2 protein chains.
Amino acid sequence: MRDVAIIGIGQTKIGEHWDTDLRHLALEAILAAMTDAGVTQADALYVGNMLSGELTGQEHLGALIADFAGLRGIEAFKIEAACAAGAAALRMGYLAVASELMDIVIVVGVEKMTDVSGPDATAALAMGADSDHEVAQGLSFVAINALLMRRYMHEYGYTVQDFAPFAINAHRNGMNNPYAMFHFPVTAERFARARMICDPVSLLDSSPLCDGAAAVVLASADAARSFGAVPVRIAASAVGTDAVALHDQNDPLMLEGAALSTHRAYKQAGVGPEDIDLFELHDAFSIMAALSLEAAGFADRGKGLQLALEGEIDIQGRVPVSTMGGLKARGHPVGATGVYQAVEVVQQLRGLAGVNQVPNARLGMAQNIGGSGATVATHILERMAD
Amino acid sequence: MRDVAIIGIGQTKIGEHWDTDLRHLALEAILAAMTDAGVTQADALYVGNMLSGELTGQEHLGALIADFAGLRGIEAFKIEAACAAGAAALRMGYLAVASELMDIVIVVGVEKMTDVSGPDATAALAMGADSDHEVAQGLSFVAINALLMRRYMHEYGYTVQDFAPFAINAHRNGMNNPYAMFHFPVTAERFARARMICDPVSLLDSSPLCDGAAAVVLASADAARSFGAVPVRIAASAVGTDAVALHDQNDPLMLEGAALSTHRAYKQAGVGPEDIDLFELHDAFSIMAALSLEAAGFADRGKGLQLALEGEIDIQGRVPVSTMGGLKARGHPVGATGVYQAVEVVQQLRGLAGVNQVPNARLGMAQNIGGSGATVATHILERMAD
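Residues numbered from 1 in each chain as written. Chains lettered and ligands numbered in written order. Predicted model: local features only at pLDDT ≥ 70, side-chain atom pairs only at ≥ 80, totals over all residues. Heavy atoms only, no water.

A. Focus on the overall build of chain A. For chain A, the helix and strand inventory stands at 14 helices and 11 strands. If you line up chain A on its principal axes, its C-alpha atoms span 55 × 45 × 40 Å. The buried share of chain A, taken over its 386 residues, is 68%. Nonlocal contacts in chain A, meaning residues at least 24 apart in sequence, comprise 77% of its contacts between residues at least 6 apart. Carbon and sulfur atoms provide 51% of the accessible area of chain A, an area that totals close to 11,700 Å². Of the side-chain charges in chain A, 25 are positive and 44 negative, and the distance between the mean point of each set is 4 Å. (Helix = DSSP H or I, 4+ residues; strand = E, 2+ residues; numbered from the N terminus. Buried < 20%, exposed > 50% of the residue type's maximum accessible area, 1.4 Å probe, protein only. Contact = heavy atoms within 4.5 Å. Areas by Shrake-Rupley, 256 points an atom, 1.4 Å probe, with all protein chains shown as cover. Lys, Arg positive; Asp, Glu negative; His and termini not counted. Charge placed at Lys NZ, Arg CZ, Asp CG, Glu CD.)

As structure tokens, then:
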């Protein structure tokens with residue numbers, strides 16, 4: 001195998017894009033990434049997407065988007081892994097370039113969620129849970145996360161209000177990200193007044209239904225310097241899985257898939273949590289952020305929330321998370337999220353994150369979670385020395 | 001990169017399996033392939049599937065099936081490329097082993113299509129066409145193939161009855177395949193009387209809606225001999241794409257994606273059509289079989305049907321196709337088909353195809369097509385020397 005680098009990034013603003021469609025969103029991100037990389041062709045396109053069939057009536061996105069982006073003829077597929085589809089597609093692109101069979105690969109994550117009603121989108125999202133054994137009982141992902149949050153509070157003695165720092169941090173950072181969906185601050189008072197949507201999960205504990213696309217261009221690390229942008233090496237790419245149904249997992253409050261995925265990534269990169277300068281985690285719900293911090297080794301069990309309460313997740317903290325707004329404020333177009341995370345880590349490692357810049361960021365980690373922890377894809381990115 | 005081999009195969013009988021579900025079908029194929037290979041673990045599972053969300057309400061098949069097969073924790077994703085999803089997943093498995101990052105990879109193709117009505121399944125399948133510009137006009141894949149068949153007859157002077165040899169050959173071969181859906185012969189007379197479903201496409205020009213799963217186990221070619229079964233090397237793995245909408249393609253009667261895909265595969269393997277001992281082509285409709293023979297270089301344009309009329313597609317002919325029944329008689333559980341094709345080529349190369357054995361088969365090609373030629377994945381398999 002050979003080392004792989006990200007040589008270009010692109011993203012669309014996230015929002016309710018009622019004036020455009022899935023293929024145009026993907027196109028915008030791909031062209032931005034290709035322009036950034038300075039390439040006009042590619043050997044393959046891998047599309048991360050979860051629900052294009054259910055929400056827009058369109059499968060077969062690989063060939064469709066490749067052709068629409070002017071790349072007719074190249075290898076192209078869609079990769080699905082629930083909300084981890086974006087990072088799964090990145091993983092596939094990584095394998096393709098690492099294999100030496102592909103030199104330039106484009107990975108795009110895209111999701112168009114707002115062409116159906118909110119309840120219909122929520123029902124479609126539940127297809128990432130176990131349809132026979134969870135959905136049949138009426139569980140949605142909001143409900144699953146409410147169960148987890150309630151249990152976490154019960155086990156470790158936290159209150160609902162203790163979760164506020166995740167939303168406060170994400171929204172503060174999102175205000176400075178032009179691509180973020182939300183540009184308003186959240187205070188502890190506002191969090192306390194937020195509408196309860198599935199007790200104890202409030203609207204400000206939840207990521208929004210939205211549309212967006214993000215893309216990266218991959219090349220071998222050796223070739224990366226010959227392209228325009230500052231190259232970022234993929235120091236690790238790793239995946240772990242767990243049971244899909246929450247009740248089949250060994251311990252609902254321990255994300256074993258995330259622990260596996262992170263452990264594999266640390267091992268490949270030869271680093272530990274103490275070496276990570278920022279962590280784009282999967283804060284689809286506040287409870288997921290807390291559990292991720294624990295599974296990835298940044299906090300002991302039950303202490304992930306403590307880390308947030310102590311301000312250690314802020315830009316200036318020990319482990320900055322959601323540095324461009326996270327799933328909560330930047331938005332969570334599900335199949336696109338994993339690629340947005342990678343794009344944002346690259347922004348940080350290039351030193352181009354503006355007022356959200358993590359000082360001297362050299363090593364950044366992105367972790368994308370599908371379902372209630374059943375698929376977890378982790379990438380560790382490293383700024384290549386000048 | 002390193003060479004990759006298929007060290008195990010497994011498949012379920014294809015049919016209308018109302019007594020079981022998607023995960024059990026996948027499990028049966030995976031366990032059969034693992035037993036055949038003599039492995040009890042794997043590094044990754046790639047699932048080829050097109051319509052699990054639309055037809056069974058379940059996405060996130062990677063983690064779901066990995067766990068159900070006793071492989072909790074390993075990397076696992078779903079790959080979608082319309083009806084080429086199976087071979088696309090095989091392609092991904094090939095890249096993973098070739099990259100040297102994975103040693104044992106399982107690829108399973110699975111589709112459960114009969115839990116909804118025929119019209120609903122047909123509508124779901126149309127998501128592999130261009131939803132905005134074809135499906136919105138009422139086109140299904142049956143209709144698209146009827147347009148292609150009519151045009152082919154017009155251009156080259158064939159009659160409807162001239163297409164009979166494809167169905168006759170497929171059903172003759174399917175009768176000897178215990179995993180095939182149909183076990184009845186088709187004669188020219190029966191073909192002539194077949195119910196017209198979308199003129200000029202009759203029921204006997206069409207593959208059935210059905211359920212099934214097939215799996216292969218991959219390892220490096222170097223390691224392959226240490227496992228139980230006769231190893232088969234993947235001499236080539238290649239993909240080509242074209243526009244999804246028929247009206248966007250340069251020439252509807254020339255499968256440019258198939259030509260690209262086959263050309264790339266021939267180049268990688270260092271062979272030409274004259275070296276191929278059997279060709280598992282994508283006979284979802286008779287017209288697709290004729291066009292595939294032409295795009296892959298076995299016949300000049302307009303002469304693919306002639307090849308069939310001359311008996312050259314039979315087991316004893318110049319280019320045996322559908323040797324175990326093809327999509328027509330073995331069946332076409334869409335996302336599984338590409339893996340069934342690979343399994344059957346391996347059966348032939350191992351010399352275990354029974355009365356359907358192609359004499360001295362050394363090099364076999366499988367070609368899986370998504371949409372009306374928009375994604376085409378081609379694999380050339382080679383019996384490894386003793």
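Having seen the model, we can carry on.
B. How the structure looks around the interface of chain B and chain A. Chain B puts 61 residues into the contact, and the matching count from chain A is 61 residues. Note on chain B versus chain A: buried area summed over both sides is about 4,600 Å², and carbon and sulfur give 54% of it. In this structure, E75 of chain A and R91 of chain B form a salt bridge, with 2.9 Å as the shortest nitrogen-oxygen distance. Viewed at the interface, chain A and chain B are joined by 32 residue pairs in polar contact (both at pLDDT 80 or more). Those elements that place two or more of their residues in the side of chain B that touches chain A are α2 (52–56), α3 (61–68), β3 (75–80), α4 (85–98), β8 (232–241) and α10 (256–269) of chain B. Per-element accounting of the side of chain B that touches chain A gives the leading share, 7 residues, to α4 of chain B. (Buried area = accessible area lost by both parts, 1.4 Å probe. Salt bridge = Lys/Arg side-chain N within 4 Å of Asp/Glu carboxyl O. Polar contact = N/O pair within 3.5 Å; in protein donor to acceptor, adjacent residues only side chain to side chain.)

C. The arrangement of the pairing of strand β2 (residues 44–48) of chain A in detail. Residue and element names in this part refer to chain A. The element β2 is extensively covered by neighbouring structure, given that 5 of its 5 residues are classed as buried. When β2 meets strand β4 (residues 105–112), the two strands line up parallel, connected through 5 bridges. When the sheet's bridge partners are listed, Y46 is paired in β4 with V107. (Pairing = 2+ DSSP bridges.)

D. Layout of the pairing of β4 of chain A. Residues and elements named next belong to chain A. Most of β4 sits inside the fold, with 8 of its 8 residues counted as buried. A two-sided burial pattern is seen for β4, the buried positions comprising V105, V107, G109 and E111 on one face and I106, V108, V110 and K112 on the other. Both β4 and strand β7 (residues 211–220) contribute to a ladder of 8 bridges, which runs antiparallel. Within the sheet, the bridge partner assigned to V107 lies in β7 and is V216.

E. The arrangement of the packing of aromatic side chains in detail. The final tally for this structure, using the stated rule, is 12 aromatic pairs over all chains. Measuring from centroid to centroid gives 6.1 Å for Y46 of chain B and F77 of chain B, while their planes differ by 25°, and the two rings are stacked. Taken together, the residues span a long stretch of sequence, with Y46 of chain B in strand β2 (residues 44–48) and F77 of chain B in strand β3 at a distance of 31 residues. In this pair, the class of Y46 of chain B matches that of F77 of chain B, namely buried. Ring-pair connections join several aromatic residues into one group, and the members of that group are Y152, Y156, Y158 and F163 of chain A. It is R23 of chain A that lies over the ring of F68 of chain A; its NZ or CZ is 5.9 Å from the centre. (Phe/Tyr/Trp six-rings, centres within 6.5 Å; stacked < 30°, edge-to-face > 60°. Lys NZ or Arg CZ within 6 Å of the ring centre and 35° of its normal.)

F. The arrangement of helix α1 (residues 22–37) of chain B in detail. Residues and elements named next belong to chain B. Taking 1.5 Å of rise per residue, 16 residues should cover 22 Å, and α1 covers 23 Å from first to last C-alpha, within 8% of that figure. Within the span of α1, buried status applies to L22, R23, L25, A26, L27, A29, I30, A33, M34 and A37. With its phi angle positive at about 75°, G38 sits one or two positions after the end of α1. (Expected span 1.5 Å × (residues − 1).)

G. Up close: the relation of the copies chain B and chain A. Superposing chain B onto chain A takes a rotation of 180° combined with a translation of 0.0 Å along the rotation axis, leaving an RMSD of 0.0 Å. What the rotation and shift describe, once combined, is the action of a two-fold rotation axis. When C-alpha distances to the rotation axis are compared across chain B, the minimum falls at S99 of chain B, with a value of 1.8 Å. Mapped onto chain A, 100% of the interface residues of chain B again fall at the interface, so both copies present the same surface. (Least-squares fit on C-alpha atoms with pLDDT ≥ 70 in both.)

H. Main features of the pattern of salt bridges. All names here are of chain B. This model, assessed by the stated rule, comprises 36 salt bridges over all chains. A salt bridge links D103 to R2, with the nearest nitrogen and oxygen atoms 2.9 Å apart. Highlighted residues: D103 in the loop between α4 and β4 (105–111) and R2 in the segment before β1 (4–11), separated in sequence by 101 residues. Judged by its relative accessible area of 46%, D103 is partly exposed. Here R2 falls in the partly exposed class, since its relative accessible area comes to 21%. Put simply, D314 and R172 hold a salt bridge, and the shortest N to O gap is 3.2 Å.

I. Expanded view of the confidence of the model for chain A. Averaged over all residues, the pLDDT of chain A equals 97, while 100% of them reach at least 70. Across the predicted assembly, pTM comes out at 0.98 and ipTM at 0.98. (pLDDT = per-residue confidence, 0-100.)

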